[in-house]
Structures are given as C-alpha cells and as structure tokens.
Amino acid sequence: MAKDFRNIEYHTNQDGDGVRYYACSTLNPKWKDLIFHKNKGAIVLIKWEFHIGKDIKNLSETFNFTPEFGKFVEYQNLFDYINQMCRKEKNMNMKIVDLQVSWQKEFLFKINPLTLELGPLWISDLEQIKRNFKWDNNDWIEV
C-alpha cells in the first residue's frame, strides 16, 4: 500500500500503468478520470427544518458524495459525514425531515491527477434508484 499526499491509502498494479486503486474509487491519471466503485458514490438530497424561536425554516441541499475526494477526504461512509455535518454546521435547532440517496453504479469525474482536485461530473448512472432514510434511535433507517 502507498499513500498519496493527503495521506489516503491506495495500491497500484505491478505493470506500472499508474492507475491508483483507492478503497472507494479508481483513479486513471492517463485519462484524468476518477470512477467510484458501484454504490460508493451518491447524489444526495437532504431536507431539514431549522427552528428559530417560533419560526420554522425549511432548507435543502443537493450534493455529490465523493468518498475520499473533494470535501469528503475524511469520509468513506456517507452517514458518518451527515452525522458530523449535522453536529458541526447545522446547529442544535435542526431536524432532518428527508434524506434521499441515489447510490450510483457509474459515477465518473474528471480529475487533475497532480492536485487530485475534482473536475465536473462526467458520467452518472441513468438508472439510479433513490433510497429514502429517516433518523431513528440514533441510526439511519431506510424507509
């Protein structure tokens, strides 16, 4: 096993083609693409209520979950990220009311192989299946 400059582990083939195999993805520096393994990357829609005094504000956010890349460098698990995000960024007056996750079979991004900066989403799964989750007894349950 080797580690990149972010201290994330990967392995390579012995044939020296430069392809890096991470836990959740494969980086091909020749083609400058990063493809996430089946059901590792996701398109996520999260909706929450934010209580400010007597008022309730409904907010939502959609994002691409790219484990070990982009703003998710520290995460391989989506739910670990969401739990951490809820604690740190969304204050204690927040309640998630809907979480939709579209796990992707095909999830390919362009990437700068030197900086590991993600480019645009290049290919996503056209037959994605959305899964809905709710928070129940300190755990995410599919509904």
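These figures come from a predicted structure and were not determined experimentally. (Residues numbered from 1 in each chain as written. Predicted model: local features only at pLDDT ≥ 70, side-chain atom pairs only at ≥ 80, totals over all residues. Heavy atoms only, no water.)

### Concerning the overall build of the protein
To keep it simple, the criterion reads: The helix count covers DSSP runs of H or I at least four residues long, the strand count covers runs of E at least two residues long, and both are numbered beginning at the N terminus. Burial status follows relative accessibility: with a 1.4 Å probe on protein chains alone, a residue under 20% of its type maximum counts as buried, one over 50% as exposed, and anything between as partly exposed. Any two residues whose heavy atoms approach within 4.5 Å are treated as being in contact. All accessible areas in this document rest on Shrake-Rupley with a 1.4 Å probe, and a residue is counted as covered only by the protein chains that are shown. Lys and Arg are tallied as positive, Asp and Glu as negative. Neither His nor the chain termini are counted. Just so you know, the charge point we use is NZ for Lys, CZ for Arg, CG for Asp and CD for Glu.
A count of helices and strands for the protein gives 1 helix and 12 strands. Principal-axis analysis of the C-alpha atoms gives the protein an extent of 60 × 30 × 25 Å. A buried classification covers 38% of the 143 residues belonging to the protein. For the protein, the proportion of contacts with a sequence separation of at least 24, taken over those separated by at least 6, is 50%. Counting every atom, the protein has about 9200 Å² of accessible surface; 47% of that belongs to carbon and sulfur. The averaged location of the 20 negative side-chain charges in the protein is 3 Å from the averaged location of its 20 positive side-chain charges.

### Comments concerning unusual backbone geometry
For K32, which is not glycine, the phi dihedral falls at a positive 55°. With respect to the helices, strands and loops of the structure, K32 is situated in the loop between β4 (25-28) and β5 (33-36). The backbone of E68 sits at a positive phi, close to 70°, despite the residue not being glycine. By secondary structure assignment, the location of E68 is in the loop between β7 (55-65) and α1 (78-88).

### Notes on the nonpolar core
Here is the rule we go by: Definition of nonpolar core: a set of buried residues of the types Ala, Val, Leu, Ile, Met, Phe, Trp, Tyr and Cys, connected through side-chain atoms within 4.5 Å.
Formed by 21 residues in total, the largest nonpolar core has its most connected members in F65, I82 and L99. For this core, the elements supplying multiple residues, two or more each, are β6 (42-52), β7, α1 and β8 (94-103). Element by element, the count of residues in this core is highest for α1, at 6 residues. Not counting the four nearest positions on each side in its chain, L99 is found in contact with V44, L45, I46, F79, I82, R131, N132, F133 and W140.

### Concerning the confidence of the model for the protein
For residues with low pLDDT, the predicted coordinates do not support detailed interpretation. To be explicit about the condition: The predictor's confidence in any single residue is recorded as pLDDT, a number from 0 to 100.
Residues at a pLDDT of 70 or more form 93% of the protein, whose mean pLDDT is 87. By mean pLDDT, the top-scoring element of the protein is β4 (97), and the lowest-scoring one is α1 (81).

### Overview of the pairing of strand β11 (residues 129-136)
We count it as follows: Pairing between two strands is assigned when DSSP locates at least 2 bridges connecting them.
Strand direction decides the pairing type here: β11 and strand β12 (residues 139-142), joined by 4 bridges, are antiparallel. The residue of β12 that forms the bridge with D136 is D139. What sits between the antiparallel neighbours β11 and β12 is a turn of 2 residues, in which N137 has the positive phi angle 50°.

### Thoughts on the packing of aromatic side chains
How two aromatic rings sit relative to each other is given by the distance of their centres and the angle of their planes. Formally: Pairs were defined over the aromatic rings of Phe, Tyr and Trp, the Trp ring being its six-membered one, requiring ring centres within 6.5 Å. Orientation was assigned from the angle between planes: stacked under 30 degrees, edge-to-face over 60, tilted for the rest.
Under the definition given, this model contains 13 aromatic pairs. Consider the rings of F79 and W140, whose centres lie 6.1 Å apart with planes at 35°: the pair is tilted. Taken together, the positions of F79 in helix α1 and W140 in strand β12 put the pair 61 residues apart, joining distant regions of the chain. The same class applies to F79 as to W140, namely buried. When the ring of F107 is compared with that of F109, the centres are 5.0 Å apart and the planes differ by 80°; the resulting orientation is edge-to-face. Each of the two residues, F107 as well as F109, counts as buried.

### Side note on the sheet that holds strand β9 (residues 107-111)
The sheet built from 7 strands is open, its strands ordered β1-β2-β3-β4-β5-β9-β10 with antiparallel pairing. Looking at which strands have only one partner, the edges of the open sheet turn out to be β1 (2-3) and β10 (118-124). Of the strand pairs in this sheet, strand β2 (residues 9-12) and strand β3 (residues 20-21) are connected by 2 bridges, and their pairing is antiparallel. From the neighbouring strand, H11 faces β3, where its bridge partner is Y21.

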